[in-house]
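# Examining the three-dimensional arrangement
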Amino acid sequence: MNSRTIEHQNTTIRIGFGYDIHRLVKGKPLYLGGVKIKFKKGMLAHSDGDVLLHAICDSLLGAAGLGDIGIHFPNSDKKFKNISSLILLEKTHNLIKKLGYKIENIDSMVIAEQPKISSYIENMKSKISKILKTKNISIKATTNEGVGNIGKGKAICAYAVCIIKNGKYD
Ligand code: ZN
């Protein structure tokens, strides 16, 4: 048992944390939480640049002790070019399932000055829930109050935390 593992009555509970940021540029579509968002700019990235899904993937990989998203889906690999991050999320889920873990819950936060994304959140949750087989997905959104590069609208970032535990889905 390492320091990140808590064992209690044969239940292993592990916490994970993830963060991601991408620059906003003209001429690219904007995807957040697997949903295409109407906006004049999109993410500069090798994949579709979905910061929310990337943060969630990183939290799940971290919780399972599997490193980070760059190890599993390197941006030097052509097969991940413009890939939907929903596919990366599914692959990540498969990796943690293989180790015998299931997701207990995920909480996340998107920080974007623009566009307003609150009206898209239910749709994001349903896309993510379908892949991760849990309804315990929380997505929150805020602005950066005009501060720094995110506040100036140059980038969007996301944070995610998750709890996974040993066990299988029903
Ligand atoms: Zn990313």
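Residues numbered from 1 in each chain as written. Predicted model: local features only at pLDDT ≥ 70, side-chain atom pairs only at ≥ 80, totals over all residues. Heavy atoms only, no water.

## With respect to the coordination of the zinc ion
Those protein atoms acting as donors to the zinc ion are Asp20 (OD), His22 (NE2) and His54 (ND1), and they sit at 2.0 to 2.1 Å. One chain supplies every donor for the zinc ion, spaced along it as D-x1-H-x31-H. Residue Asp20 is found in strand β2 (residues 11-26), and its partner His54 is found in helix α1 (residues 51-63); the two are separated by 34 residues along the sequence. Classification of Asp20 by relative accessible area gives buried; the value is 15%. Given a relative accessible area of 7%, His54 falls into the buried group. (Donors = N, O, S within 2.8 Å, 3.2 Å for Na, K, Ca; no water. Helix = DSSP H or I, 4+ residues; strand = E, 2+ residues; numbered from the N terminus. Buried < 20%, exposed > 50% of the residue type's maximum accessible area, 1.4 Å probe, protein only.)

## A word on the packing of α1 against helix α3 (residues 85-98)
Direction vectors running N to C along α1 and α3 enclose 10°, while the axes themselves pass 10 Å from each other. The orientation of α1 with respect to α3, classified from their angle, is roughly parallel. Contacts between α1 and α3 involve Leu53, His54, Ile56, Cys57, Leu60 and Leu61 on the former and, on the latter, Ser85, Leu86, Leu88, Leu89, Thr92, Leu95 and Ile96. Split by residue class, the contact of α1 with α3 holds 10 nonpolar, 3 polar and no charged. (Axes fitted to C-alpha atoms, helices over the stretch in contact; angles between N-to-C directions. Parallel < 35°, antiparallel > 145°, perpendicular 65-115°, else oblique. Contact = heavy atoms within 4.5 Å. Nonpolar A, V, L, I, M, F, W, Y, C, P; charged D, E, K, R; others polar.)

## Some details on the pattern of salt bridges
Here the structure, examined in full by the defined rule, presents 4 salt bridges. Taking the shortest distance from any N to any O, the salt bridge between Glu104 and Lys165 comes out at 3.1 Å. Of this pair, Glu104 sits in strand β6 (residues 101-111) while Lys165 sits in strand β8 (residues 155-166), and the two are 61 residues apart along the sequence. Between Lys125 and Glu122 there is a salt bridge, and its shortest N-O distance comes to 3.5 Å. Pair noted here: Lys125 and Glu122 are both in helix α4 (residues 121-132), with a separation of 3 residues, about one helical turn. Exposure remark for Lys125: the relative accessible area of 22% places this residue in the partly exposed category. Judged by its relative accessible area of 55%, Glu122 falls in the exposed class. (Salt bridge = Lys/Arg side-chain N within 4 Å of Asp/Glu carboxyl O.)

## A short note on the packing of aromatic side chains
One pass over the full model with this rule turns up 3 aromatic pairs. Seen in terms of ring centroids, Tyr19 and Tyr159 are 4.9 Å apart; in terms of plane orientation they differ by 50°. Their pairing is tilted. In this pair, Tyr19 is assigned in strand β2 and Tyr159 in strand β8, connecting sequence segments 140 residues apart. (Phe/Tyr/Trp six-rings, centres within 6.5 Å; stacked < 30°, edge-to-face > 60°.)

## Quick look at the nonpolar core
Counting residues in each nonpolar core, the largest one holds 42 residues, and the members touching the most others are Leu32, Ile56, Leu60, Leu89, Leu132, Ile156 and Ile164. Elements that contribute at least two residues to this core include exactly β3 (30-32), β4 (35-37), α1, α3, β6, α4, β7 (137-142) and β8. Filtering out sequence-adjacent residues up to four positions away, Ile56 remains in contact with Leu89, Ile106, Ile128, Leu132 and Ala160. (Core = buried A, V, L, I, M, F, W, Y, C linked by side-chain atoms within 4.5 Å.)

## So, a nonpolar patch on the surface
A surface patch of nonpolar side chains, amounting to about 440 Å² of accessible area, comprises Phe17, Tyr19, Ile21, Tyr159 and Val161. Counting residues per element, the ones that place at least two in the nonpolar patch are β2 and β8. (Patch = residues over 30% accessible without salt bridge, like charges linked within 9 Å, V, L, I, M, F, W, Y side chains within 5 Å. Areas by Shrake-Rupley, 256 points an atom, 1.4 Å probe, with all protein chains shown as cover.)

## A closer look at the pairing of β2
Pairing of β2 with β8 involves 11 bridges; the strand directions are antiparallel. Note that in β8 the partner of Arg14 across the bridge is Ile164. Pairing of β2 with strand β5 (residues 41-44) involves 4 bridges; the strand directions are antiparallel. Across the sheet, residue Val25 finds its bridge partner in β5, namely Gly42. (Pairing = 2+ DSSP bridges.)

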